[in-house]
Amino acid sequence: MSVISVSLSDVRADLIFAHEQAWSALSQPGTWWSGAQKRELAQTALLAISESEPSPPWVAASTVADKNLQIHFASSAAHDAVYRIARHAATLTSDWYQRVTQEIEPLAFIELCGVVCTVATVSAFRRALDLGIPELAPATLGEPSRIKPANVVDATLNWVPVIAPADENAAVVQAFTAVPETNRVIWAMADAQYIPDKEMVDPHWTRGTLSRVQMELVATRVSQQRECFY
Amino acid sequence: MLSWSGTEQGLEISLENVQNTTGGVGVSYARELVDFATAATEFDLAALTTARNNLINVAGLAVAIDASAVIANFEMMTRLADSTGARMQTEVVQDRLAVATAMGVDKVISRR
């Protein structure tokens, strides 16, 4: 069987742009983490996703000597959280979140989740098409902005705090709102990868390739593989 | 979402078929799409290459690229949901329990 090769030039420009924006942000100062910290955490996420024999969920990745995690700028707790989310997200519990956020401030935790989500989505796309995972850019110097929105409140539908009013949108929609830049980057990718937010209510919407029901079929299979109840 | 969009398009979707990776009744290229999504979320690169080739051969490159984008999106959204403790309202969970059971995800840890 001959292998059909795919080139980046075959990919829609809007999708390339969304991925490039998100990937470059992994090395830039964010809201709660520096560029060096985010880049280092992204490397741990890449390792977690790609390992054929990962650490089990109950083992802190930073304690496994032969993993050789590069822990220079972010804490071991942050790396362990990244590894767990990247590789074992379906095993996370409220107790785990409570323990992690005793060491990582909740809004910083949200941005950390955004780093994992970016790594997971871009690497999954590239791997599916055998395009190769892009290199992470060198870290950009600078401090995180540490700008906390004024209207951050607790939510019923998420562990993490959200922008008020809470629980008026779906849990996944409000989940990252307390860190607006992370929220923007993630949903820009979602718009390009799946269904633009404004089209979500239209069961007949299509880009001209996959029908809506074909998209949902693929989405359902991935969610099932990841044991995601939501 | 799959049940809803299928119904809206006059298609009967068998969620058990998705669980068993045999695709969905009446959905074009269902077998190839499910095989591709399955291979893309596992570690057998030869299987992934085969599944990608099969999908491109029957549906074209643009379909394979957009299927990859959907796969990528749900590698992101599942982690977003599970890391932030996303849950549905109790009444919504009750409404969807039959679907979750059909999919084999009614007893997973991520149900909260």
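Use the structure listed above.
How each quantity is defined
Residues numbered from 1 in each chain as written. Chains lettered and ligands numbered in written order. Predicted model: local features only at pLDDT ≥ 70, side-chain atom pairs only at ≥ 80, totals over all residues. Helix = DSSP H or I, 4+ residues; strand = E, 2+ residues; numbered from the N terminus. Buried ≥ 20, exposed ≤ 12 C-beta atoms within 10 Å, placed from the backbone. Contact = placed C-beta atoms within 7 Å. Expected span 1.5 Å × (residues − 1). Axes fitted to C-alpha atoms, helices over the stretch in contact; angles between N-to-C directions. Parallel < 35°, antiparallel > 145°, perpendicular 65-115°, else oblique. Left-handed = near helix turned anticlockwise from the far one by under 90°. Nonpolar A, V, L, I, M, F, W, Y, C, P; charged D, E, K, R; others polar. Core = buried A, V, L, I, M, F, W, Y, C linked by C-beta atoms within 7 Å.

Undergrad: It is not clear to me how the overall build of chain B should be interpreted in this structure. Could you clarify?
TA: Looking only at helices and strands, chain B features 6 helices and 0 strands. Reading the helices (α) and strands (β) of chain B from amino to carboxyl end gives α-α-α-α-α-α. When each of the 112 residues of chain B is scored for burial, the buried share is 50%. Considering only residue pairs separated by 6 or more positions, chain B has 32% of its internal contacts joining residues 24 or more positions apart.

Undergrad: Help me understand helix α3 (residues 76-88) of chain A in this model?
TA: Residues three or four positions apart in an α-helix share a direction because the helix packs 3.6 residues into each turn. Across its 13 residues, α3(A) extends 17 Å between first and last C-alpha, which sits within 8% of the 18 Å expected from 1.5 Å per residue. Judged by how many residues are buried, α3(A) sits mostly within the fold: 10 of 13 residues are covered. What α3(A) keeps buried is the set A:A78, A:H79, A:D80, A:A81, A:V82, A:Y83, A:R84, A:I85, A:A86 and A:R87. Elements in contact with the buried residues of α3(A): α2 (35-50), α4 (94-100) and α5 (106-128) of chain A together with α5 (61-83) of chain B.

Undergrad: Looking at this structure, how should I read the environment of A:A178?
TA: Residues and elements named next belong to chain A. Relative to the helices and strands, A178 resides in the loop between α6 (171-174) and α7 (180-193). Taking the number of C-beta atoms within 10 Å as the measure of exposure, A178 has 25 and is therefore buried. Along the primary structure A178 and V160 are separated by 18 residues, whereas in three dimensions their C-alpha atoms are 8.7 Å apart.

Undergrad: I would appreciate a short explanation of the packing of helix α1 (residues 13-25) of chain A against α7(A) in the present structure.
TA: When two helices pack together, their arrangement is given by the angle between the helix axes and by the axis-to-axis distance. Residues and elements named next belong to chain A. Relative orientation of the contacting elements α1 and α7 amounts to 155°, with a least axis distance of 9 Å. With respect to their mutual orientation, α1 and α7 come out roughly antiparallel. α7 is crossed by α1, and the crossing has left-handed handedness. For the pair α1 and α7, the contacting residues are D14, L15, A18, H19, Q21, A22 and A25 in the first and V185, A188, M189, A192 and Q193 in the second. Looking at side-chain class alone, the contact of α1 with α7 contains 8 nonpolar, 3 polar and 1 charged residues.

Undergrad: When you look at the interface of chain B and chain A in this model, what are you seeing that I'm missing?
TA: How big an interface is tends to be reported as the loss of accessible area on association of its parts. In this assembly, 60 residues from chain B lie in contact with 61 residues from chain A. Looking at the side of chain B that touches chain A, the elements with two or more residues in it are α1 (2-8), α2 (15-19), α3 (30-40), α4 (45-59), α5 and α6 (90-103) of chain B. By residue number, the principal contributor to the side of chain B that touches chain A is α5(B), which donates 22 residues. By residue class, the composition of the side of chain B that touches chain A is 35 nonpolar, 18 polar and 7 charged.

Undergrad: Can you walk me through the nonpolar core in this structure?
TA: Nonpolar side chains tend toward joint burial in soluble globular proteins. The biggest cluster of nonpolar side chains holds 101 residues, and the ones touching the most others in it are A:A45, A:V82, A:L112, A:V116 and B:I71. At 15 residues, the largest contribution of residues to this core is made by α5(A). Sequence-distant contacts of A:L112, that is, excluding residues within four places in its chain, are made with A:L41, A:A78, A:A81, A:V82 and A:I104.

Undergrad: What am I meant to see in unusual backbone geometry here?
TA: Excluding glycine, residues mostly carry a negative phi; peptide bonds, for their part, are mostly trans. Following A:A164, the chain continues to A:P165 via a peptide bond in cis, the omega torsion being 0°. Mapped onto the secondary structure, A:P165 falls in the loop between β2 (162-163) and α6. Positioned with a positive phi, A:R146 is a non-glycine residue whose angle comes to about 50°. Topologically, A:R146 is positioned in the loop between α5 and β1 (152-153). At B:Y29, a residue that is not glycine, the phi angle is positive and equals roughly 60°. Mapped onto the elements, B:Y29 comes out in the loop between α2 and α3.

Undergrad: Mind showing me how you'd approach the packing of α2(A) against α5(A) here?
TA: All names here are of chain A. Where α2 meets α5, the axes come as close as 9 Å, and the angle between the chain directions of the two elements is 50°. Comparing their axes, α5 and α2 come out oblique. Crossing hand, α2 versus α5: right-handed. Residue-level contacts link K38, L41, A42, A45, L46 and I49 of α2 to L112, V115, V116, V119, A120 and S123 of α5. Taken together, the residues of the contact of α2 with α5 sort by class into 10 nonpolar, 1 polar and 1 charged.

Undergrad: Just to check I follow, could you spell out the environment of A:P144 for this structure?
TA: All names here are of chain A. Here P144 lies in the loop between α5 and β1. By C-beta crowding, P144 is classed as partly exposed, having 17 other C-beta atoms within 10 Å. Each C-alpha atom of the pair P144 and A22 lies 16 Å from the other, and the pair is 122 residues apart in sequence. Residues contacting P144, with those up to four places away along its chain left out, are P29, G30, T31, W32, W33 and S34.

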